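# A look at the structure
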Amino acid sequence: MLFRSYRENKQVTSELEETTGDLTEARSRMEEIKVELDKKIAEISELGGNIEELKKAKAEVEETLKKNKAWSAKNIRELKDKVQGYEKLLKLKDEELEELRSLNDALYTENNDLKVKQNNLNDSINRISRRRDELAGKVAIASQLRAENIRVFSVSGTGRERESPFRNRQIEKIKVTFNLAENKVAPIEGKKIFIRLLDENGQVIFDVARGSGSFKVDGREEWYTSIQEILFDNTRQNLTFFYEKGTEYASGNYTVEAWADNYKIGTAAFIVK
């Protein structure tokens, strides 16, 4: 009787130890599963996957681990079943992660290809834009007018014309003539042609009361001596300007500049003795 009781007690003790061991192992595995769930939630979230199922499983694991009630064999079996269920869920999520990584790698490669194509397209557009600007600049330069055969005369009070050098008593007016060179690039359009008379100090001779004024050159204001508005028709047209100063010219070397719009188209010189 005593021998049977001893065997029974030993069997009960063995069963309790086994039950305690199963419980410890199951709870330990649950702790590991909680950590793995956290990791999977972070990875899948970063890849843009659905994490609701994982968050729900994590909440269930945390709730299970909080329980401190006496665990029966039935409870432990249920816990072990849950562990198996969570392990299957983690395995499924591993497969989902692989699919998401593959999809993201494919999208990354596709985006990189698109970026390369976009960069190449932008480079081509920029090159075309630069070439267009360069061509426009060349056309603008090529279309500039040019004054040919610039001649300067003094006109006396009797209308007699003389070429340089002049004497003051011979100068009632200054007459400047030239023709516009042929330019097949330049459009037929209205043009403002300016004349500037400069003394040997580089000062412009002008008189607003006699038709002088100012115009813009590279953003700055410059004086002109005389102006004509013409229709440039590419026929080598001749232009004549007169300027009556009203006072004597100081002795020295003078410069005549012809301008169209805001660029110089020709120069000449004369001397006053």
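Here, residues in each chain are numbered from 1, in the same order as that chain's written sequence. Totals for whole chains, interfaces and linings use every residue, but because this is a predicted model, local features are given only for residues with pLDDT of at least 70 and side-chain atom pairs only at 80 or more, for both listing and counting. Remark: hydrogens and water are excluded; side-chain values derive from all non-hydrogen atoms of the structure.

## What to know about the packing of aromatic side chains
In this scheme Phe, Tyr and Trp rings, the latter by its six-membered ring, pair at centre separations within 6.5 Å, and the angle between planes marks the pair as stacked below 30 degrees, edge-to-face above 60, and tilted otherwise. Scanning all chains against the criterion turns up nine aromatic pairs. Relative to Tyr 254, the ring of Tyr 249 has its centre 5.7 Å away and its plane inclined at 80°; by these criteria the two rings are edge-to-face. Categorising residues by exposure relies on relative accessible area from a 1.4 Å probe, with only protein chains included: less than 20% of the type maximum marks a residue as buried, more than 50% marks it as exposed, and the intermediate range marks it as partly exposed. Residue classification places Tyr 254 among the buried residues on the basis of a relative accessible area of 5%. One aromatic cluster in this structure is built from Phe 166, Tyr 249, Tyr 254 and Phe 270. Put simply, a charge is over a ring when the Lys NZ or the Arg CZ is close to the ring centre, within 6 Å, and near the line of the ring normal, within 35 degrees. The side chain of Lys 173 reaches across the aromatic face of Phe 242, ending 5.8 Å from its centre. Positioned above the aromatic ring of Tyr 249, the side-chain terminus of Lys 245 is 5.2 Å from the ring centre.

## Section: the nonpolar core
Take the buried Ala, Val, Leu, Ile, Met, Phe, Trp, Tyr and Cys residues and link them wherever side-chain atoms come within 4.5 Å; each set so joined is a nonpolar core. If you look at the biggest cluster of nonpolar residues, it comprises 29 residues, and the most contacted ones within it are Leu 145, Ile 174, Phe 178, Leu 197, Tyr 249, Ile 265 and Phe 270. Numbering of helices and strands runs from the N terminus; a helix is a DSSP stretch of H or I covering at least four residues, while a strand is a stretch of E covering at least two. Of all the elements, strand S11 (residues 263-272) adds the most residues to this core, at five residues. Contacts between residues were defined by any pair of non-hydrogen atoms, one from each residue, lying within 4.5 Å. In contact with Tyr 249, other than residues within four places in its own chain, are Asn 168, Ile 171, Ile 174, Leu 197, Ile 205, Tyr 243, Tyr 254 and Val 272. Counting 20 residues, the second largest nonpolar core, distinct from the first, contains Met 30, Ile 33, Leu 54 and Ala 57.

## Concerning helix H2 (residues 52-66)
Helical periodicity: at 3.6 residues per turn, an α-helix aligns residues three or four positions apart in one direction. Taking 1.5 Å per residue as the helical rise, H2 with its 15 residues ought to reach 21 Å, and the 21 Å between its terminal C-alpha atoms agrees with that figure. Residues of H2 that are buried: Leu 54, Ala 57, Val 61, Thr 64 and Leu 65. Projected onto a plane normal to the axis of H2, the buried residues spread over an arc of 95° and lie on a single side. Relative to its buried face, H2 has exposed residues pointing more than 90 degrees away, namely Lys 56 and Lys 66. Multiplying 1.5 Å by the residue count of a helix minus one yields the expected span of that helix. It is the directions from the helix axis to the C-beta atoms whose arc is reported.

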